[in-house]
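# Structural characterization, general
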Amino acid sequence: MRILLCGGAGYIGAHAYVVLVERGHDVVVADNFSNSSPGVLVRLQQITGHPVPFQPLDLRDREAVVGFFARQQFDAVVHFAALKAVGESCERPLDYFHNNISGTLNLLHGMQAAGVKRLVFSSSATVYGDPASVPVREDARLQVTNPYGRTKLVMEQLIGDLCESDPGFHAANLRYFNPVGAHASGLIGEDPTGIPNNLMPYICQVAVGRREHLSVFGGDWPTPDGTGVRDYIHVTDLARAHADALDFLVRERRNLTVNLGTGQGISVLQLVNAFAGAAERAIPYQIVARRAGDVAEVYADPSLANDVLGWRAELDVDAMCRDAWRWQSQNPQGYPSA
Ligand code: NAD
Ligand code: UD1
């Protein structure tokens, strides 16, 4: 298939690019580099051995998006492009609504005008908010606790309405749990701008000497060791699910919403210890107050993805830490500026 990856220069998009090219697809990346760097394209060329077809595109510019679709033919779109920082979304909700929701509407307009009828959408476990029980199944109650989460829920709903209106249009909403790790080559990985919000990139920056110590947000959660429990999933496993979801849309011609996680809960201290083992160095940490808005325990029931896609996570927490460390130690400051 000829596939457009919107936001394909970002962390998860870049890993999906590699898998889709390996599976023989013809893949074009579109991005505005608002949270990524052109350096990733050089690395993707190194991994795949071919130049990366790239289109500069800002999804907020409807004319540009519709014009682009009018000039190119695609069989499917994978839509990663979004702003994703929870704290920032509370400070600047309108920017999040504009970028994520209006940007998605523009994309859907472009697709409709060009007759592109397959969409894989990056949703998030954030749509479950603070789940009543774990593991979380897809039919759990949906609730959002911040503007970022609201954009994900609204986008799932908008896409759902479009699917209802056009029986020929099919979409897969992939609800990612906590993506971590990096490509086994160490050439691509997570490269957050500024101070990392999320646990794994923070640990990586402590390990490489960019930050003094990790602050563990809360040691008094009702969990086995008192620290928060999450479902970390290797980004390569996650990337593979996008190729499987595209195959599903072609084969089954129906819509899909699935969790993508390992099904295993890992605590902050378990991840810190696994990382220390993989990197063969201590990760200094201090237990501090809980972070506002955090919850004790979230992990997936991923059985639906296995049933319908034949997908399951294969890489364990040691592989996640080993690969994250390979990327960080080979690229202590992230991607070189291109
Ligand atoms: P990322 O920020 O690394 O990648 C997103 C990419 O989209 C970036 O390259 C950015 O420049 C681009 N982009 C943003 N707005 C754009 C616009 N208006 N036009 C064109 N390009 C635009 O993020 P990621 O971690 O790769 O996440 C990918 C998707 O997965 C996002 O939709 C995110 O919300 C979702 N998600 C991520 C996580 C996570 O923890 N990383 C978890 C759940 C869901
Ligand atoms: C984050 C997002 C959430 C998204 C999810 C999956 C926030 C507030 N929420 O949540 O919307 O769906 O990723 O990508 O960003 N921790 C520390 N110290 C740190 C950082 C984190 O102790 O410096 C702890 C947290 O308290 C939590 C765990 O590590 O228990 C994981 O945190 P994080 O990586 O931010 O992911 P989520 O909290 O799941």
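Residues numbered from 1 in each chain as written. Chains lettered and ligands numbered in written order. Predicted model: local features only at pLDDT ≥ 70, side-chain atom pairs only at ≥ 80, totals over all residues. Heavy atoms only, no water.

What follows is about the overall build of the chain. Within the chain, the regular secondary structure consists of 11 helices and 13 strands. Taking 2.2 N^0.38 as the reference for a compact globule, 338 residues should give roughly 20 Å; the C-alpha atoms of the chain span a radius of gyration of 19 Å, in line with that estimate. Each principal axis of the C-alpha distribution contributes one length, and for the chain these read about 55 × 45 × 40 Å. For the chain, with 338 residues in total, the buried portion stands at 54%. Residue pairs at least 24 apart in sequence account for 80% of intrachain contacts in the chain once pairs closer than 6 positions are excluded. For the chain, the accessible surface area stands at approximately 14400 Å², while carbon and sulfur atoms represent 48% of it. Considering the chain, the positive charge centre built from 28 side chains and the negative charge centre built from 36 side chains are found 3 Å apart. (Helix = DSSP H or I, 4+ residues; strand = E, 2+ residues; numbered from the N terminus. Rg over C-alpha atoms; globule rule 2.2 N^0.38 Å. Buried < 20%, exposed > 50% of the residue type's maximum accessible area, 1.4 Å probe, protein only. Contact = heavy atoms within 4.5 Å. Areas by Shrake-Rupley, 256 points an atom, 1.4 Å probe, with all protein chains shown as cover. Lys, Arg positive; Asp, Glu negative; His and termini not counted. Charge placed at Lys NZ, Arg CZ, Asp CG, Glu CD.)

Our focus in this paragraph is the nonpolar core. One recurring pattern in soluble globular proteins: nonpolar side chains tend to sit buried together. By size, the foremost hydrophobic cluster in this structure holds 45 residues, and its most contacted members are Leu5, Val40, Leu44, Val120, Leu174, Val258 and Leu260. A total of 9 residues in this core trace back to one element, the largest contributor, which is helix H8 (residues 235–252). (Core = buried A, V, L, I, M, F, W, Y, C linked by side-chain atoms within 4.5 Å.)

Below, the discussion takes up the packing of helix H9 (residues 268–279) against helix H11 (residues 317–330). H11 packs onto H9 with a crossing angle of 55 degrees between their chain directions and a minimal axis gap of 8 Å. Judged by the angle between their axes, H9 and H11 are oblique. For the pair H9 and H11, the sense of crossing is right-handed. Each of Leu271, Ala274, Phe275, Ala278 and Ala279 in H9 lies in contact with H11, whose residues at this interface are Val317, Asp318, Cys321, Arg322, Ala324 and Trp325. Residues that form the contact of H9 with H11 fall into these classes: 9 nonpolar, no polar and 2 charged. (Axes fitted to C-alpha atoms, helices over the stretch in contact; angles between N-to-C directions. Parallel < 35°, antiparallel > 145°, perpendicular 65-115°, else oblique. Left-handed = near helix turned anticlockwise from the far one by under 90°. Nonpolar A, V, L, I, M, F, W, Y, C, P; charged D, E, K, R; others polar.)

Residues of helix H3 (residues 62–71) that are buried: Val65, Phe68 and Phe69. Summarising the axial view, the buried residues of H3 lie within an arc of 95 degrees, below the 170-degree limit, and thus occupy one face. For H3, exposure combined with an orientation more than 90 degrees from the buried face picks out Glu63, Ala70 and Arg71. On its buried face, H3 is in contact with strand E1 (2–6), strand E3 (54–56), strand E4 (76–79) and helix H5 (93–114). (Arc of directions from axis to C-beta.)

Within the fold, isoleucine 266 resides in strand E12 (residues 266–267). Sequence-wise, isoleucine 266 and glycine 228 are 38 residues apart; in three dimensions their C-alpha atoms are separated by 8.1 Å. Contact partners of isoleucine 266, with chain neighbours within four places excluded, come to Gly228, Val229, Arg230, Tyr232, Leu271 and Val317.

Moving on, we come to the sheet that holds E3. The strand order E3-E2-E1-E4-E5-E6-E11 describes an open sheet built from 7 strands, whose pairing is parallel. Strand pairing shows two members of the sheet lacking a second neighbour, E3 and strand E11 (256–260), which therefore form its edges. Strand-to-strand twist of the sheet, defined as the mean angle between neighbouring strand axes without regard to direction, takes the value 20 degrees. Relative to strand E6 (residues 170–176), strand E5 (residues 118–124) runs parallel, the two sharing 7 bridges. The partner of valine 120 across the bridge, within E6, is alanine 172. Here helix H6 (residues 147–165) sits on the sheet and contacts E5, E6 and E11; the angle it forms with E5, its principal contact strand, is near 155 degrees. (Pairing = 2+ DSSP bridges.)

The next subject is the site of ligand 2. Residues in contact with ligand 2 amount to 20 residues; listed here are only the nearest, Ser215, Phe217, Arg230, Arg291 and Asp294. Here aspartate 294 contributes a side-chain N or O atom positioned 2.5 Å from an oxygen atom of ligand 2. Here ligand 2 loses 86% of its free accessible area of 730 Å² to cover by the protein chains. Of all the secondary structure elements, the ones that give two or more residues to the shell around ligand 2 are strand E7 (178–180) and strand E8 (214–217). Residues of the shell around ligand 2, tallied by class, amount to 10 nonpolar, 7 polar and 3 charged. (Near = heavy atom within 4 Å. Polar contact = N/O pair within 3.5 Å; in protein donor to acceptor, adjacent residues only side chain to side chain.)

Right, let's get into the site of ligand 1. Taken together, 27 residues form the shell around ligand 1, and within it Asp31, Asn35, Ser36, Tyr148 and Lys152 come nearest. Within the contact set of ligand 1, an oxygen atom lies 2.8 Å away from a backbone nitrogen or oxygen of isoleucine 12. Note that a nitrogen atom of ligand 1 is positioned 3.1 Å from one of the side-chain N or O atoms of aspartate 58. With the chains in place, 95% of the 810 Å² that ligand 1 exposes on its own is no longer accessible. Breaking the shell around ligand 1 down by element, the ones donating at least two residues are helix H1 (11–22), E5 and H6. Grouping the constituent residues of the shell around ligand 1 by class yields 13 nonpolar, 10 polar and 4 charged.

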